[in-house]
Amino acid sequence: MGPTGAAPPHPDEIGGPAQPLLGVRGLVKHFPLRGGWLGGARGVVRAVDGVDFTIRKGETLGLVGESGCGKSTTSRLLMRLLEPTAGEVILDGQGVGAGGLGRRDYCRQVQMVFQDSYASLNPRLPVEESIAFAPRVHGTPAREALAKARELLAAVGLEPAQFGWRYPHALSGGQRQRVNIARALALRPRLVILDEPVSALDKSVEAQVLNLLCDLKDRFGLTYLFISHDLNVVQYMADRVMVMYLGRVAEIGPVEAIFGRPAHPYTAALLASRPTMDPDRRRTEAPLSGDPPNPVDPPSGCRFRTRCAHAEPVCAVTEPPLAPLGDGHAAACLMALPGSGHSRAPATTEAAHAA
Amino acid sequence: MSDLALPAAAVPAAPAGASYWAGVRKRLMRDPVSLVCAAVLLLMLAAILLAPVIAPYGPYTGSVLRRLKPIGFPGYVLGTDEQGRDMLTRLLFGGRLSWFLGITPVVLAFGVGGLLGLVAGFAGGWVNMLIMRTTDVFYAFPSVLLAVAISGALGTGIGNAILSLTLVFIPQIIRVTESVTTGVRNLDYVESARASGAGAMTIVRVHVLPNVLGPVFVYATSLISVSMILASGLSFLGLGTQPPEPEWGLMLNTLRAAIYTQPLIAMLPGLCIFVTSLCFNLLSDGLRAAMDVR
C-alpha cells in the first residue's frame, strides 16, 4: 500500500516520496525514579532505551508489544509531549528541536489520537469547539476554524448540525473517537500517531473506526503510526510492523514477514499467544510466562533472555544488534546474527566456505 | 515550564460555553432544597440591605426601662436585649456585618488561594513543592485556633478579623484547587491541547480553568458558612467586632448573661447564624450536584 494518487501533495512536502517522513535515531527516555522525602533520584526507569526506526511516506507502521514495553512513551516522545533524554527525530529531512523545526511547526505536521476517547475531550466544550481549538491556536479566525471543524465532522461520518454543538458526555464511545480523529486532522497533519485508538471500543464499532481510518488515510494522504496490543488489528492495518520489548526494538519488517516468518522468539511468542479459532489447535501452555523484567534494571545482554526458550550463556553477554534479514526485515536476536556465537545462529559466509 | 515563554494565541472565549451554565441553572431549578435555601438567603439579603428603611428603631437606641422584654412585647416584635434595644433592629443591622464578615474573607481567599493552587497544580515540580509545603504549615493548625491566634496577634477590629479569616481559608482553597488542577492537567485533553502547539496560558484559559473553577467555587461557597461562624466566634471572644456594633456573634456573647431570664431572646442571634450557614451549605451542595456533568 504505497501513497495513493487521490490526495494532492502536502504543502509541507519537501524531500520527495523516497525520503522517510519520520526518522528516529537513538531515541532514549529515562524517567528518574524519585525516592525519599528529599526527592533524590534512586535510579532511572529505562522506558525507551535506544530506539531507531523510520516511517515512510504514506505507510502505516504498526507498533506492538506488551504493556510497559515503551509503546506509549515512544508515541509521547514523537508527539513531543515528553522531552527525550537523548536521540534525534527528523521530520522529512528536517531536524526537530533546538535549531531545527519549531514546536508549533512540528505540531502542525504531526498529530495524535489518544486511547481514552472521553478523557481526550474537554467536557466543558462542545465537540466542534474542541476540533476548532488547534486551528485557532495556529491563527485561523474563529468563524473559519468552526467551519473547518464542521467539515471534518462530516468527513468522519458525524452530521455537523446534529453533533457539533454537543458535549462529549452526550456522545457514544465510537462517536467520541470519531471526534478525536477529526480533531487530530484539524491541522491537516502529515503523520498521525494513533495510540491504541480502538482498544476501548467494542468490536463492531472498532471495525467501523478502522475502516474510517483507512478511508481518511487515502483521502488526506496521511501516514500512520498505529500503536496497538491487538495483533489482528495491526495485521489488518499495517504495512510494516515494529515489535518492542522493554524499551527496545525487538523486530521490525514488512507485515507479511513479521506475521509469516517471525525471526525473534519474542515475536513468535506474541503470535502464538493469539487465541486460535480452531478448537483442535488449542494450546495448553502459555507461550510466554511471567512479566517483563523491571525496566529499572534490565537484564544484561539480550533483554528477552530471561523469558526466552532458546537462551544460551552468550545471550547474557552480547547485546544483540538489529540484524538485517533482507527486505527491510530485521531482528535483534543472536539467532538471526551470523557468527554471534549462539548455537542456532546462521553460519557466517567464511564458516560456510571452511565447512 | 518552558511553555510559559510561548506567546499565547488569541483564542476568544467559547461562545457555546453559556449553554453549560444554562443546563446548570435548569438542574438547580428542579431542586426544591436549593430553591428554598436560595429564597431564604435572598430574603435575608434584601432585609439586611434595607435595614435602615425597615428597622423600627435605631440600632443603638435603647432604654434601661425596657430591658429584656419577651418576644411579642408591644412595639418590639422580637423583644429587647440587655440594654433595652430592639432585637429585630439589632438583628437586621447585625446581619449586615455578619454577612460581610462571612463573605469577604472567602472571596479574598478564593482569589489568592485559587491563583496559587492553579499555579502549583499546573506548574508542578519545585513550584508545587514550595507552595504546597508552605500551605501544609498553615494546615497543621485547627482553623478555629489559627483564626483566634492570628486575630489575637493582630489585635481587635473588623479589618484584622477579615485578614485572619482570609489567611485561614487561603491554604484550604489552595489545597482543593491544586488537587483539582493536578487531576485535570494529566487528562488527555490537556495533553492533546499541548500536542496542538498551544501555549501554557491558552491551555490554562480554555481547558484547565473552566474545569477547575466549578469544583473550587462550590467548595468556596461551603466556606461562607464556616467563615460566618468563625467571625461570630471571634466577635464572641471579643476579637473582631467591638460593642456597641451590632453583629450576630457579638450579640450572642452579650446576651449570654440573659440565657436564664430570656432564653428565647438569647438564642435569636444564634438562630440567625444557624439558618444562614445551613442555607449556604445546602445551596453549595445543590450547586455541586447541578454542576456535575455525569
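Cut-offs and rules
Numbers given for residues are sequential positions, taken from 1 along each chain in its written order. Each chain is given a letter, starting from A, and each ligand a number, starting from 1, according to the order in which they appear as written. Restriction of local features to residues with pLDDT of at least 70 applies here, the model being predicted, together with a cutoff of 80 or more for giving and counting side-chain atom pairs; totals for whole chains, interfaces and linings are based on all residues. Side-chain metrics in this entry use all non-hydrogen atoms of the structure; hydrogen atoms and water are not considered. Any carboxyl oxygen of Asp or Glu that lies within 4 Å of a side-chain nitrogen of Lys or Arg is treated as forming a salt bridge with it. Only DSSP runs of H or I covering at least 4 residues are called helices, and only runs of E covering at least 2 are called strands; the numbering of each starts at the N terminus. Relative accessibility under 20% of the residue-type maximum defines a buried residue, over 50% an exposed one, and the middle range a partly exposed one, all with a 1.4 Å probe and only protein chains included. Each pair of strands is called paired provided DSSP finds at least two bridges between the two strands. By convention, orient the strands away from the viewer: a clockwise path from the first strand over the helix to the second makes the crossover right-handed. Nonpolar core, defined: a set of buried Ala, Val, Leu, Ile, Met, Phe, Trp, Tyr and Cys residues in which side-chain atoms within 4.5 Å join the residues together. Note on contacts: a residue pair qualifies if any of its non-hydrogen atoms lie within 4.5 Å across the two residues. UniProt positions are given in the numbering used here, feature names are shortened, and annotations may be inferred rather than shown by experiment. By disulfide we mean two sulfur atoms from cysteines, separated by a distance within 2.5 Å.

### Examining the pattern of salt bridges
All told, the structure shown has 21 salt bridges over all chains when counted by the stated rule. When the shortest N-O distance is used, the salt bridge between R76 of chain A and D188 of chain B registers 3.8 Å. Placement of R76 of chain A in helix α1 (residues 71-78) and of D188 of chain B in helix α8 (residues 188-195) is noted, with the two residues assigned to different chains. D188 of chain B sits in the buried class, given a relative accessible area of 13%.

### Description of the pairing of strand β7 (residues 191-195) of chain A
Residue and element names in this part refer to chain A. By the criterion of burial, β7 is predominantly enclosed, with 5 of the 5 residues buried. Burial along β7 is two-sided: the residues L191, I193 and D195 and V192 and L194 are all buried. Strand direction decides the pairing type here: strand β6 (residues 110-113) and β7, joined by 4 bridges, are parallel. Bridging across to β7, V113 finds its partner in L194. Bridge count between β7 and strand β8 (residues 223-227): 5 bridges; the pairing is parallel. By the bridge assignment, L194 is partnered in β8 with F226. Considered for its hand, the β-α-β crossover made up of β7, helix α7 (residues 203-220) and β8 is right-handed.

### Here we look at the nonpolar core
Within the largest apolar cluster, 64 residues are counted, with the highest numbers of intra-cluster contacts made by W99, F169, V208 and W248 of chain B. For this core, the element with the most residues is helix α9 (residues 200-236) of chain B, which contributes 14 residues. For V208 of chain B, the residues in contact, after removing those within four places along its chain, are L118, F122, T181, V184, V190 and I203 of chain B. L121, A132, L146 and A238 of chain A belong to the second-largest nonpolar core, a separate cluster that totals 58 residues.

### Remarks on the UniProt feature "transmembrane region" (unreviewed entry) in chain B
Residues and elements named next belong to chain B. The UniProt feature table records "transmembrane region" (unreviewed entry) at residues 32-57, 97-124, 144-170, 216-239 and 259-284. The span residues 32-57 carries 85% helix and 0% strand; its end-to-end C-alpha distance comes to 36 Å. Within the segment residues 97-124, helix and strand shares are 96% and 0% respectively, and the terminal C-alpha atoms sit 40 Å apart.

### Quick word on the state of the cysteines
All chains considered together, the criterion is met by 0 disulfides over all chains. Its sulfur unpaired, C272 of chain B is 11 Å from the next cysteine sulfur, which belongs to C279 of chain B.

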